[in-house]
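Read off the chains here:
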Amino acid sequence: MKLHQQFDLNLKALKPDNVNEIPKVINELPVLVEKLVKDLLREGYIVIESSARYMGVPQSITIIKDFTGPFVLNFSSKVIEDFRAFSRKLGVENLFE
């Protein structure tokens, strides 16, 4: 069974508090999202980024994991936990909901 979870871009996280943070949003966030995707791929997830982007960041990311066995339903929360853990590690935990 393939389990999937979609995470949508949180536009509030992209609005900088001041003008000095604009270069970070434009330059650093796309790189951090790419690292997030690579971390998920290393963990065996299939990652699909939407083609629509906002300031270089995909508007949604869907991650898919292929599971077998009787406890498949228990793993859906693991997908969410892994995504949140990797994004938190990179400091972009609020970027996707």
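Residues numbered from 1 in each chain as written. Predicted model: local features only at pLDDT ≥ 70, side-chain atom pairs only at ≥ 80, totals over all residues. Heavy atoms only, no water.

Caption draft 1: Seen up close, the sheet that holds strand β1 (residues 2–8). The antiparallel open sheet is built from 3 strands, whose spatial order is β1-β5-β2. Looking at the sheet topology across the chains shown, the edges are occupied by β1 and β2 (46–49). Strand-to-strand twist in this sheet, taken as the mean axis angle between neighbours without regard to direction, amounts to 15°. In this sheet, strand β5 (residues 60–66) lies alongside β2 in antiparallel orientation, the contact comprising 4 bridges. Across the sheet, residue Glu 49 finds its bridge partner in β5, namely Ile 61. This element, helix α2 (residues 22–42), spans β2 and β5 of the sheet and lies at about 155° to β2. In this fold helix α3 (residues 76–89) packs onto β1 and β5, with an angle of close to 40° to the strand it touches most, β1. (Pairing = 2+ DSSP bridges. Helix = DSSP H or I, 4+ residues; strand = E, 2+ residues; numbered from the N terminus. Axes fitted to C-alpha atoms, helices over the stretch in contact; angles between N-to-C directions. Contact = heavy atoms within 4.5 Å.)

Caption draft 2: Focus on the environment of Pro 16. Here Pro 16 shows up in the loop between α1 (11–14) and α2. For the pair formed by Pro 16 and Tyr 45, sequence separation is 29 residues and the distance between their alpha carbons is 31 Å. Excluding anything up to four places from it in sequence, Pro 16 contacts Glu 21, Ile 22 and Val 25.

Caption draft 3: View of the nonpolar core. By size, the foremost hydrophobic cluster in this structure holds 24 residues, and its most contacted members are Leu 29, Leu 40, Ile 61, Ile 63, Phe 83, Leu 95 and Phe 96. Elements with a minimum of two residues in this core: β1, α2, β5 and α3. It is α2 that contributes the most residues to this core, 7 residues altogether. Not counting residues within four places of it along the chain, the set of residues in contact with Leu 95 comprises Asp 8, Leu 9, Asn 10, Ala 13, Leu 14, Leu 29, Val 33 and Val 57. (Core = buried A, V, L, I, M, F, W, Y, C linked by side-chain atoms within 4.5 Å. Buried < 20%, exposed > 50% of the residue type's maximum accessible area, 1.4 Å probe, protein only.)

Caption draft 4: Here's a closer look at α2. Its 21 residues give α2 an end-to-end C-alpha distance of 30 Å, which sits within 8% of 30 Å, the value for a rise of 1.5 Å per residue. Within α2, the axis deviates most sharply at Glu 28, by approximately 40°, and proline Pro 30 lies no more than four positions further along. On its buried side, α2 packs onto α1, β2, β4 (57–58), β5 and α3. Taken from the residues just after α2, Gly 44 is the one with a positive phi, measuring 95°. (Expected span 1.5 Å × (residues − 1). Bend = angle between axes of the 7 residues up to and from the residue.)

Caption draft 5: Region of the structure containing the confidence of the model for the chain. Looking at the chain as a whole, the pLDDT averages 85, with 94% of positions reaching at least 70. The least confident element of the chain is α1, whose mean pLDDT is 79; the most confident is β2, at 96. (pLDDT = per-residue confidence, 0-100.)

Caption draft 6: Inspection of the packing of aromatic side chains at higher detail. Under the definition given, this model contains 2 aromatic pairs. For the pair Phe 7 and Phe 83, a centre-to-centre distance of 3.6 Å together with 5° between the ring planes defines the contact as stacked. In this pair, Phe 7 is assigned in strand β1 and Phe 83 in helix α3, connecting sequence segments 76 residues apart. Centre to centre, the rings of Phe 83 and Phe 96 are 6.1 Å apart; their planes meet at 80°, and the pair counts as edge-to-face. Here Phe 96 lies in the segment after α3 and Phe 83 lies in helix α3, a separation of 13 residues in the sequence. The burial state of Phe 83 is the same as that of Phe 96; both residues are buried. Through successive ring pairs, a cluster of aromatic residues spans Phe 7, Phe 83 and Phe 96. (Phe/Tyr/Trp six-rings, centres within 6.5 Å; stacked < 30°, edge-to-face > 60°.)

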